[in-house]
Amino acid sequence: MKLSTEETQFLKILADGRKKTYVHIIKGFGQPLTPMAPTFTNRIAKPLLKSKLIKKAGVLRDGYKITDKGLATLKE
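Structural notes, computed from the coordinates. (Residues numbered from 1 in each chain as written. Predicted model: local features only at pLDDT ≥ 70, side-chain atom pairs only at ≥ 80, totals over all residues. Heavy atoms only, no water.)

1. As for the nonpolar core
In a soluble, globular protein the nonpolar side chains are often hidden away together inside. One finds Phe10, Leu11, Leu14, Leu48, Ile54 and Tyr64 to be the most contacted residues of the largest nonpolar core, which totals 15 residues. Contributing elements (two or more residues each) for this core: helix 1 (5-14), helix 2 (22-28), helix 3 (37-50) and strand 2 (63-66). Counting residues per element, this core draws most heavily on helix 3, which supplies 5 residues. (Core = buried A, V, L, I, M, F, W, Y, C linked by side-chain atoms within 4.5 Å. Buried < 20%, exposed > 50% of the residue type's maximum accessible area, 1.4 Å probe, protein only. Helix = DSSP H or I, 4+ residues; strand = E, 2+ residues; numbered from the N terminus.)

2. What to know about helix 1
The set of residues buried in helix 1 consists of Glu7, Phe10, Leu11, Ile13 and Leu14. Summarising the axial view, the buried residues of helix 1 lie within an arc of 155°, below the 170-degree limit, and thus occupy one face. Turned more than 90 degrees from where helix 1 packs its buried face, Thr5 and Lys12 sit exposed. Structurally, helix 1 contributes buried residues whose contacts are with helix 2, helix 3, strand 1 (54-57), strand 2 and helix 4 (68-75). (Arc of directions from axis to C-beta. Contact = heavy atoms within 4.5 Å.)

3. Quick notes on the pairing of strand 1
Note: strand 1 against strand 2, 4 bridges, orientation antiparallel. Paired with Lys55 across the bridge in strand 2 is Lys65. Between strand 1 and strand 2, which pair antiparallel and follow one another directly, the connecting turn spans 5 residues, one of which, Gly58, has a positive phi of 90°. (Pairing = 2+ DSSP bridges.)

4. Focus on the pattern of salt bridges
The full count for this structure, using the stated rule, is 3 salt bridges. Taking the shortest distance from any N to any O, the salt bridge between Arg43 and Glu6 comes out at 3.4 Å. Of this pair, Arg43 sits in helix 3 while Glu6 sits in helix 1; the two residues are 37 residues apart in sequence, bridging distant segments of the chain. Of the residues examined, Glu6 reaches a relative accessible area of 32% and is grouped as partly exposed. (Salt bridge = Lys/Arg side-chain N within 4 Å of Asp/Glu carboxyl O.)

What follows is the structure, encoded as structure tokens:
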């Protein structure tokens, strides 16, 4: 599966298997926390969610978790 650099970085941030919110993801990209942070995160997450490489996590679905398929793709 062909992933962009941002998508690969997104998966690497989630690779430890723990739930991450947009704050964790933005800090993983080394960017400052701004009002546009959720938009940036969602723009990258949308294709990953469609291909089932990540899933929404938590009771309120306020974060992301990597799936087994996502981990396998990252190791390729």
